Protein chains: 2
Amino acid sequence: MKKVPVLEIFGPTIQGEGMVIGQKTMFIRTAGCDYSCSWCDSAFTWDGSAKDDIRQMTAEEIWSKLIELGDDRFSHVTISGGNPALLANLSELIGLLKEKGKKIAIETQGSKYQEWLKDIDDLTISPKPPSSGMITDFEKLDQIIEKLRNSNQQQSISLKVVVFDTTDLQYAKDVHLRYPSIPFYLQVGNEDIHEAETNKLVQTLLEKYETLIDQVIEDKELNNIRVLPQLHTLVWGNKRGV
Amino acid sequence: MKKVPVLEIFGPTIQGEGMVIGQKTMFIRTAGCDYSCSWCDSAFTWDGSAKDDIRQMTAEEIWSKLIELGDDRFSHVTISGGNPALLANLSELIGLLKEKGKKIAIETQGSKYQEWLKDIDDLTISPKPPSSGMITDFEKLDQIIEKLRNSNQQQSISLKVVVFDTTDLQYAKDVHLRYPSIPFYLQVGNEDIHEAETNKLVQTLLEKYETLIDQVIEDKELNNIRVLPQLHTLVWGNKRGV
Ligand code: SF4
Ligand code: SF4
């Protein structure tokens, strides 16, 4: 039986961002990333700091944990990372979740393809803007999006770009204009991932959100898009596992 | 040329709630409502307090105003009220917006049917819970939903219920279970529609949002739903026309 490296399983809670914002869901966070974004809010998945917490788990073991935590109180599961698309072995879990009638969401930066990506109900591709320090391989991204677009009519795909500054916003625009038919989400970046005072964080984030909205309002190339904050950060601050 | 009573036209801004939360959009607010919800946050559309601001406008006049404000910086228009579904005459505006290639969203409580409801891209039906003081005519709602469901494959329909207390939450659950296949949104009620201090309001609303999430998490009959706050209230407080 195939195993995948898991760092956290938690929920039910709500999805705080992106295309299914607000959705009641369970979370599975896998370990490992091929990127190392400067502002990564889950660096513990790849920087070694939580390596003793990584468990190699089979699909059945993950399912047991989901049931232990969520019982009959969930219908939706979000797989997050790190970059879950590094893990070919996730196919077993995805098959099992579908067999159990659960909807599945995943977020990946779009640097790797897996056949099982076609089976994800709510797929968010989140290329990383310049402030991350990473470089997008657009040819690769083109290929991945092309494959997915031609495969599954039931699937919802969206693009999401996190924005920290005006260079990021220009990058976001380039991504949106490259794939204009794919629903596009702009998200306010959280620069204060170590801020412990939630009230202060909320105020900063809402101000940044307003600034981003203002920029979008002025820009005629950013008409058919959605601009969102991270709701879980507004509610729970920088706390993990909620 | 047919006219409709209009109270406000503003934007571009973002949609703060519901199925297209975050979407960049223009807003048209029509006057008049067949309800009088106790906590209505747009009571000025029906209580006479803004009756001198109501303008009877043709579709062309509304379009001119949209262009004056939004120029080429919008692709989406939200028609809000009051209850826009009272206005058979809106058909002309809806035809014109479609001709111009704009997407249209509308919110109505589901008490009245209009043929043009079929042409709305993002249709939110928002029945009002007991705390509003209103009584839902479920037979009427059944009929409306039945008609819409059989008409337009392109259309996205959602249900949204605003929740102020546990009686409202039970009502929301009844609505969700009555129409389980329609995407369902729970929204935190804003009791402080006259609170002028935005920071205080934000804190109260986020606490209420967390409480509502906690209730949803515990409830196995509320699995496949989405729980959202009103983003515009978090960003702009109780200010009108933003
Ligand atoms: S791609 Fe995601 S998980 Fe990987 S480093 Fe960047 S932000 Fe972190
Ligand atoms: S239905 Fe909407 S506009 Fe009408 S009274 Fe109720 S909240 Fe206000």
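Residues numbered from 1 in each chain as written. Chains lettered and ligands numbered in written order. Predicted model: local features only at pLDDT ≥ 70, side-chain atom pairs only at ≥ 80, totals over all residues. Heavy atoms only, no water.

With that settled, consider empty space enclosed by the protein. Rolled over the atoms, a probe as big as a water molecule pinpoints where empty space is left. For the structure on display, the rule yields two cavities of 30 Å³ or more. Taken as a whole, the largest cavity holds about 40 Å³ of empty space. In terms of lining residues, the largest cavity is bounded by B:Val188, B:Leu205, B:Leu206, B:Tyr209, B:Pro229, B:Gln230 and B:Leu234. Ranked by residues supplied to the lining of the largest cavity, first place goes to helix H5 (residues 198–218) of chain B with three residues. Among the residues forming the lining of the largest cavity, the class breakdown is six nonpolar, one polar and no charged. Roughly 30 Å³ of volume is contained in the second largest cavity. If you go around the second largest cavity, the residues you meet are A:Val188, A:Leu205, A:Pro229 and A:Gln230. (1 Å grid on protein atoms, 1.4 Å probe; cavity = no way out; pocket = protein on both sides within 12 Å on 5 of 7 lines; lining within 4 Å. Points joined across faces, edges and corners; volume = space filled by probe spheres on them. Helix = DSSP H or I, 4+ residues; strand = E, 2+ residues; numbered from the N terminus. Nonpolar A, V, L, I, M, F, W, Y, C, P; charged D, E, K, R; others polar.)

All right, on to the site of ligand 1 then. Close to ligand 1 lie A:Cys33, A:Tyr35, A:Ser36, A:Cys37, A:Cys40, A:Trp46, A:Gly82, A:Gln109 and A:Lys128, which account for all nearby residues. A class-by-class count of the residues in the shell around ligand 1 yields five nonpolar, three polar and one charged. (Near = heavy atom within 4 Å.)

Below, the discussion takes up the relation of the copies chain B and chain A. For the match of chain B to chain A, the screw axis carries a shift of 0.0 Å, the RMSD comes to 0.0 Å, and the turn is 180 degrees. Such a turn and shift between the copies fits a two-fold axis. (Least-squares fit on C-alpha atoms with pLDDT ≥ 70 in both.)

As a further point, take the UniProt feature "binding site: substrate" (unreviewed entry) in chain A. Residue and element names in this part refer to chain A. Per the UniProt record, "binding site: substrate" (unreviewed entry) is annotated on Ile-14, Gln-15, Gly-16, Arg-29 and Ser-80. In contact with Gln-15, other than residues within four places in its own chain, are Val-20, Ile-21, Gly-22, Gln-23, Thr-25, Phe-27 and Thr-78. Given the relative accessible area of 1%, Gly-16 is considered buried. Residue contacts for Gly-16: discarding those within four places in its chain leaves Ile-21, Pro-229, Gln-230, Leu-231 and His-232. (UniProt positions renumbered as here; feature names shortened; annotations may be inferred. Contact = heavy atoms within 4.5 Å. Buried < 20%, exposed > 50% of the residue type's maximum accessible area, 1.4 Å probe, protein only.)

Let's shift gears to the side chain of B:Thr30. Considering the arrangement of structural elements, one finds B:Thr30 in strand S2 (residues 24–30). Filtering out sequence-adjacent residues up to four positions away, B:Thr30 remains in contact with B:Pro5, B:Val6, B:Leu7, B:Thr45, B:Ile79, B:Ser80, B:Gly81, B:Gly82, B:Asn83, B:Pro84, B:Leu87 and B:Leu90.

Grouped together as the largest cluster of nonpolar side chains are 132 residues, with contacts concentrated most on A:Leu66, A:Leu186, B:Leu66 and B:Leu186. Beyond its immediate stretch of four places on either side in the chain, B:Leu186 contacts B:Val161, B:Val163, B:Leu169, B:Ala172, B:Leu212, B:Val216, B:Ile225, B:Arg226, B:Val227 and B:Leu228. (Core = buried A, V, L, I, M, F, W, Y, C linked by side-chain atoms within 4.5 Å.)

All names here are of chain B. Across the eight residues that make up strand S7 (residues 156–163), a large majority, seven, are buried. Across four bridges, strand S6 (residues 122–125) lies against S7 in parallel orientation. From the neighbouring strand, Thr-124 faces S7, where its bridge partner is Ser-158. One crossover worth recording links S6 to the parallel S7 by way of helix H3 (residues 138–149), and it is right-handed. Viewed along the sheet, the connection from S7 through helix H4 (residues 166–178) into strand S8 (residues 184–188) turns out right-handed. (Pairing = 2+ DSSP bridges. Right-handed = clockwise from strand over helix to strand, strands pointing away.)

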